Amino acid sequence: MNPDSLSAIVKRTWGYESLRPLQARAMDAIQSDRDSLVVLPTGGGKSLCYQAPALKKDGLALVVSPLISLMKDQVDGLQAVGVEAACINSSMLPHERYETHEALQAGRIKLLYVAPERVVKPDFIAYLKKLNVSFVAIDEAHCISQWGHDFRPEYRALATLREAFPDLAFHAYT
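In what follows, the accompanying structure is described. (Residues numbered from 1 in each chain as written. Predicted model: local features only at pLDDT ≥ 70, side-chain atom pairs only at ≥ 80, totals over all residues. Heavy atoms only, no water.)

A full pass over the atoms with the stated rule returns two aromatic pairs. With a centroid separation of 5.7 Å and an interplanar angle of 40 degrees, the aromatic rings of phenylalanine 124 and tyrosine 127 are classed as tilted. Highlighted residues: phenylalanine 124 and tyrosine 127, both in helix H7 (residues 122-129), separated by three residues, approximately one helical turn. Residue phenylalanine 124 is classed as buried on the basis of its relative accessible area, which comes to 8%. (Phe/Tyr/Trp six-rings, centres within 6.5 Å; stacked < 30°, edge-to-face > 60°. Helix = DSSP H or I, 4+ residues; strand = E, 2+ residues; numbered from the N terminus. Buried < 20%, exposed > 50% of the residue type's maximum accessible area, 1.4 Å probe, protein only.)

Given below as structure tokens:
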């Protein structure tokens, strides 16, 4: 097994012996810089679909996530296996935000989790443009719906992110 293959990265980092078929296809879309929409059942391993390729690609994977608690769980889990991950959210203390910005600017962070309300702000988009963003993953993408209950209207505003980064691949997960 090639030590730089996604399978090797998954085994080395998370201890999984193999990928599920749909996970491999979703990861291939990221590696090929193609947009994707990934629909998997609960517990289907959708987070791994963007986390593993983030470790292989140069730069920073930007993950749009709807809940601070979900961001924290993801970041804590990644850090527990040695992956440089961070989030920026309203619950952070000033020194935590400063340390995160320092790590981002130094290129040490591989995955950055941000809420849709923050990521669509013009000043934050300008900040992101100074970083080496490799792709965008939109978690809980069903929130984009224009029908029914308006759970998070900012998800529909993610089109501004697409306009700001027209050359990046976007990946939606639900």
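Of all hydrophobic cores here, the largest spans 28 residues; its most connected members are Tyr50, Leu111 and Tyr113. Among the secondary structure elements, those contributing two or more residues to this core are helix H1 (6-14), helix H2 (21-31), helix H3 (46-56), strand S2 (60-64), helix H4 (68-80), strand S3 (85-88), strand S4 (111-114) and strand S5 (133-138). Per-element tally for this core: the top contributor is H3, with five residues. Ignoring sequence-local partners within four residues, the contact set of leucine 111 consists of Tyr50, Gln51, Ala54, Leu60, Ala61, Val63, Leu78, Val83, Glu84, Ala85 and Ala86. (Core = buried A, V, L, I, M, F, W, Y, C linked by side-chain atoms within 4.5 Å. Contact = heavy atoms within 4.5 Å.)

Two elements in contact, H1 and H3, have axes separated by 10 Å at closest approach and are oriented at 105 degrees. Looking at the two axes, H1 sits roughly perpendicular to H3. For the pair formed by H1 and H3, the contact residues are Leu6, Ile9, Val10, Thr13 and Trp14 on the first element and Leu48, Gln51, Ala52, Pro53, Leu55 and Lys56 on the second. Class assignment for the residues of the contact of H1 with H3 results in eight nonpolar, two polar and one charged. (Axes fitted to C-alpha atoms, helices over the stretch in contact; angles between N-to-C directions. Parallel < 35°, antiparallel > 145°, perpendicular 65-115°, else oblique. Nonpolar A, V, L, I, M, F, W, Y, C, P; charged D, E, K, R; others polar.)

For helix H5 (residues 94-105), which comprises 12 residues, the first-to-last C-alpha distance of 17 Å matches the rise-based estimate of 16 Å (1.5 Å per residue) to within 8%. Of the residues making up H5, those classed as buried are Thr100, Ala103 and Leu104. The buried residues of H5 all sit within an arc of 100 degrees when viewed along its axis, so they share a single face. Those residues of H5 that are exposed and aimed more than 90 degrees away from the buried face are Pro94, Tyr98 and Gln105. (Expected span 1.5 Å × (residues − 1). Arc of directions from axis to C-beta.)

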